Each structure stands twice: as C-alpha cells, then as structure tokens.
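The residues making up each chain are set out below.
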Amino acid sequence: QVQLVESGGGLVQPGGSLSVSCAASGSIFSGYVMGWYRQCPGKQRELVATITGGGSTNYADSVKGRFTISRDNTKNTVYLQMNSLKPEDTAVYYCKVAHPLLIGLNYWGRGTQVTVSS
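This section reports on the structure supplied with the text. Computed from a prediction, not measured in an experiment: that's the story for all the values here.

Here we look at the nonpolar core
Here's step 1: With 31 residues, the main nonpolar core has Trp36, Leu80, Met82 and Tyr93 as its most contacted residues.
Here's step 2: The set of elements that each furnish at least two residues to this core consists of strand 1 (2–8), strand 3 (18–26), strand 4 (33–39), strand 5 (46–51), strand 7 (67–72), strand 8 (77–82), strand 9 (91–98) and strand 11 (112–116).

Structural data, given as structure tokens:
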C-alpha cells in the first residue's frame, strides 16, 4: 500500500504563484511515476503534469510554461510550482503515483483546493 499526503494549496490572486507538494509513504520506490491531476466541479479529472523516476516530465498544454513539476526521490515527494495562475486553474489538485510497469496499480491523494480569485 502507498499513502499520499498533499500539502499546500489555498487562495491566490490571478497572476500569483502557489506550490503544492505530495509525500508518499509505504511500498513505493523511485521508479513510480508521480503526477498531479485536477478536477473542477462538474468536470472530469484532467492531467496537469507527470514526472518519471528519471526526471522526464509531461505537461498539459494549458499549464506549459507556467507550472513546474519536480520530485525528490530521497523523500518520495513530488512538487508542483504554479506561476502566473489564472482563474481557470481553480480546482482540486490530486497527487497520483503509478507503478511504471503494472498498469492500473495507482494511488491517489485526497486532493487539495487551489483557488485563483481576486
């Protein structure tokens, strides 16, 4: 089992910055793919960014150039730095870790609210 604990999030004005982090514990190793997803009310959960154990990253087009995902394998922690935030970035942000080989072996955090509003 893997447990994920997210922290960060909150309220920020448009154009501002915010960061969220997710610490994983349990049966996890550095090969797991770690990522962030988000969900707005009434919409499907969508990919924000992922990062492999080797550091390869993937971003949704909507956040490219504004968000940066990173990880610390020594702490089993993934970070998401969000800059130039827009109201449409408002969502619940979820951390996910996925086994690199076993499809479907995924774990999700409980989510943290990010609100971009003046």
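Describing the environment of Cys22
Here's step 1: If you trace the backbone, Cys22 turns up in strand 3.
Here's step 2: The class of Cys22 is buried, set by a relative accessible area of 0%.
Here's step 3: Setting aside residues up to four positions removed in sequence, Cys22 forms contacts with Leu4, Val5, Glu6, Met34, Trp36, Asn76, Thr77, Val78 and Cys95.

Topic: the pattern of salt bridges
Here's step 1: Taken as a whole and judged by the stated rule, the model has 4 salt bridges.
Here's step 2: For Arg38, the salt bridge goes to Asp89, with nearest N and O atoms at 3.0 Å. With Arg38 in strand 4 and Asp89 in the loop between strand 8 and strand 9, this residue pair connects regions lying 51 residues apart in the sequence. Grouping residues by exposure puts Arg38 and Asp89 together as buried.
Here's step 3: Among the salt bridges present, the one from Lys64 reaches Asp61, with a minimum N-O distance of 3.1 Å.
Here's step 4: Residue Lys64 is classed as partly exposed on the basis of its relative accessible area of 49%.
Here's step 5: What makes Asp61 exposed here is its relative accessible area of 65%.
Here's step 6: One network of salt bridges, in which partners are shared, links Arg38, Glu46, Arg66 and Asp89.

Digging into the sheet that holds strand 8
Here's step 1: Read across the open sheet, the 4 strands follow the order 1-3-8-7; overall the sheet is antiparallel. The open sheet has two free edges, formed respectively by strand 1 and strand 7, since each of these has just one partner strand. The average undirected angle you get between the axes of adjacent strands in this sheet is 15°.
Here's step 2: Judged from the 7 bridges that link them, strand 1 and strand 3 form a sheet pairing that is antiparallel. Bridge assignment links Glu6 to a residue of strand 3, and that residue is Cys22.

Some words on the pairing of strand 8
The side chains of a regular strand alternate between the sheet's two faces.
Here's step 1: Pairing geometry for strand 3 and strand 8, over 6 bridges, is antiparallel. Along strand 8, the bridge assignment pairs Val20 with Leu80.
Here's step 2: Across 6 bridges, strand 7 lies against strand 8 in antiparallel orientation. Within the sheet, the bridge partner assigned to Arg71 lies in strand 8 and is Val78.
Here's step 3: What sits between the antiparallel neighbours strand 7 and strand 8 is a turn of 4 residues, in which Asn76 has the positive phi angle 50°.

Calculation rules
- Position numbers for residues start from 1 in each chain and track the written sequence from start to end.
- Reporting of local features is limited, given that this is a predicted model, to residues whose pLDDT is at least 70; pairs of side-chain atoms are given and counted only at 80 or more, and all residues count toward the totals for whole chains, interfaces and linings.
- As a rule here, side-chain values cover all heavy atoms of the structure and leave hydrogens and water aside.
- Residues belong to one nonpolar core when they are buried, are Ala, Val, Leu, Ile, Met, Phe, Trp, Tyr or Cys, and are joined through side-chain atoms within 4.5 Å.
- Exposure classes here rest on a 1.4 Å probe applied to the protein chains alone. A residue is buried below 20% of its type maximum, exposed above 50%, and partly exposed in between.
- Numbered from the N terminus, helices here are DSSP runs of H or I no shorter than four residues, and strands are runs of E no shorter than two.
- The contact criterion used throughout is that any non-hydrogen atoms of two residues lie within 4.5 Å.
- For salt bridges, the criterion is a side-chain nitrogen of Lys or Arg within 4 Å of an Asp or Glu carboxyl oxygen.
- Paired strands are those between which DSSP finds at least two bridges.
- Comment: axis = line fitted to C-alpha atoms, over the contacting stretch for helices; angle = value between 0 and 180 degrees taken between N-to-C directions.

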